[in-house]
Amino acid sequence: MGRVEYAHAESAKWRGAWTVTKLPYTGLRAMGMNPQMAIGLLVAGGSVGGGVVVNETILSERSFGRGDSGVYTAPADVPTSYSDSDNTLRVDLGATAVGELTIENVTVGTAFTGSTLPSGQSNVVWIGGTAASSGFTATWLEVGHLKINRWRCTNFSMSDVEAHTLNIRFNASDGQSISPVAGTPRARGIGGGNRADSMITSGGTYDQIVIGAPTSAVNGKVDVLTLSNLHTKGGACVLNRIKAGTIDIEYLEVGAGNGFGTKEFVVASTTVFKIADIKDNVEVSISPP
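Residues numbered from 1 in each chain as written. Predicted model: local features only at pLDDT ≥ 70, side-chain atom pairs only at ≥ 80, totals over all residues. Heavy atoms only, no water.

A. Representation of the state of the cysteines. This model, assessed by the stated rule, comprises one disulfide. In this model, Cys153 is linked to Cys237 through a disulfide, with the two sulfur atoms separated by 2.3 Å. When the S-S torsion is -100°, as for the bridge of Cys153 with Cys237, the disulfide is left-handed. With Cys153 in strand S8 (residues 152-153) and Cys237 in strand S16 (residues 236-250), this pair connects stretches of sequence that are 84 residues apart. Residue class for Cys153 comes out buried when judged on its relative accessible area of 0%. For Cys237, a relative accessible area of 0% puts it in the buried group. (Disulfide = S-S within 2.5 Å. Helix = DSSP H or I, 4+ residues; strand = E, 2+ residues; numbered from the N terminus. Buried < 20%, exposed > 50% of the residue type's maximum accessible area, 1.4 Å probe, protein only.)

So this is what it looks like as structure tokens:
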């Protein structure tokens with residue numbers, strides 16, 4: 001009995017020690033740092049007696065849920081590819097429907113020190129399908145409910161979009177052009193039976209965010225797509241080739257600081273809705289962050 005009690009005491013001691021050990025990393029991630037920054041600070045400041053105190057989370061493989069950059073084939077949490085020189089977060093959607101995909105509380109583009117858009121790119125955020133080209137059959141991003149709120153963009157554009165219910169409300173921009181047209185898009189929800197688990201990440205910094213359907217003739221499918229509190233700079237925020245049941249675009253701040261004559265917030269006439277609630281969108285002077 002004495003040995004059993006000793007073993008229990010030692011086990012509790014090591015569990016407590018391990019919990020304390022991992023707190024610095026967890027705390028830094030909670031403050032909004034991406035994994036790379038958190039690891040860098042721990043390595044720089046955590047040397048003790050010639051060693052470094054680390055948690056097994058830091059040494060594990062890259063993960064969408066932990067906010068690591070890379071190319072993710074939904075619904076996998078581990079990237080199919082990544083490069084230490086490329087800080088893009090890209091999610092490729094295809095035939096496997098995803099129940100929920102959420103990206104929130106992130107900084108994108110040149111809005112943070114040391115960042116730059118990938119070579120040849122002009123969009124800081126791209127959400128949608130892929131247009132037809134030689135040898136490629138066009139694709140769409142099919143969404144049950146697309147929720148976009150609290151973005152900060154230099155430019156925002158929405159084109160080639162179909163939505164049964166379109167809500168564009170409470171947005172402020174340094175020049176706006178909102179001209180969707182009425183049509184007959186159907187109500188839409190994404191099922192799929194034993195569909196994929198949710199993909200959720202919060203916090204981090206990226207050079208670019210891309211959510212698309214890059215496989216020829218295969219539409220991407222997600223039931224609830226939420227992108228909330230994106231602080232961006234250095235390029236446009238784009239929605240293109242999307243078919244959705246409901247789209248909410250709310251509380252965006254968009255502007256390049258060049259006056260109301262240039263329209264930075266644009267909803268093109270190729271955006272089609274059946275039911276729309278478009279209200280309280282105002283023009284105010286807004287400069288890039």
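B. Focus on the nonpolar core. Core analysis: the biggest nonpolar cluster contains 47 residues, and Trp151, Phe156, Ile211, Leu225 and Leu239 have the highest contact counts within it. Those residues in contact with Trp151, other than ones at most four positions away along the chain, are Val125, Phe156, Leu227, Ser228, Asn229, Leu230, Cys237, Leu239, Tyr251, Leu252 and Glu253. (Core = buried A, V, L, I, M, F, W, Y, C linked by side-chain atoms within 4.5 Å. Contact = heavy atoms within 4.5 Å.)

C. Quick peek at the pattern of salt bridges. Enumeration over the complete set of coordinates arrives at seven salt bridges. A salt bridge links Glu283 to Lys263; the shortest N-O distance between them is 3.5 Å. With Glu283 in strand S20 (residues 282-283) and Lys263 in the loop between strand S17 (253-254) and strand S18 (265-267), the pair connects residues that are 20 residues apart, well separated along the chain. Its relative accessible area of 37% is what places Lys263 among the partly exposed residues. The closest approach of N and O atoms between Lys279 and Asp277, which form a salt bridge, is 4.0 Å. A relative accessible area of 23% means that Asp277 is categorised as partly exposed. Sharing partners across several salt bridges, the network here consists of Arg169, Glu250, Asp277 and Lys279. (Salt bridge = Lys/Arg side-chain N within 4 Å of Asp/Glu carboxyl O.)

Don't take any of this as a statement about function, it's just geometry.
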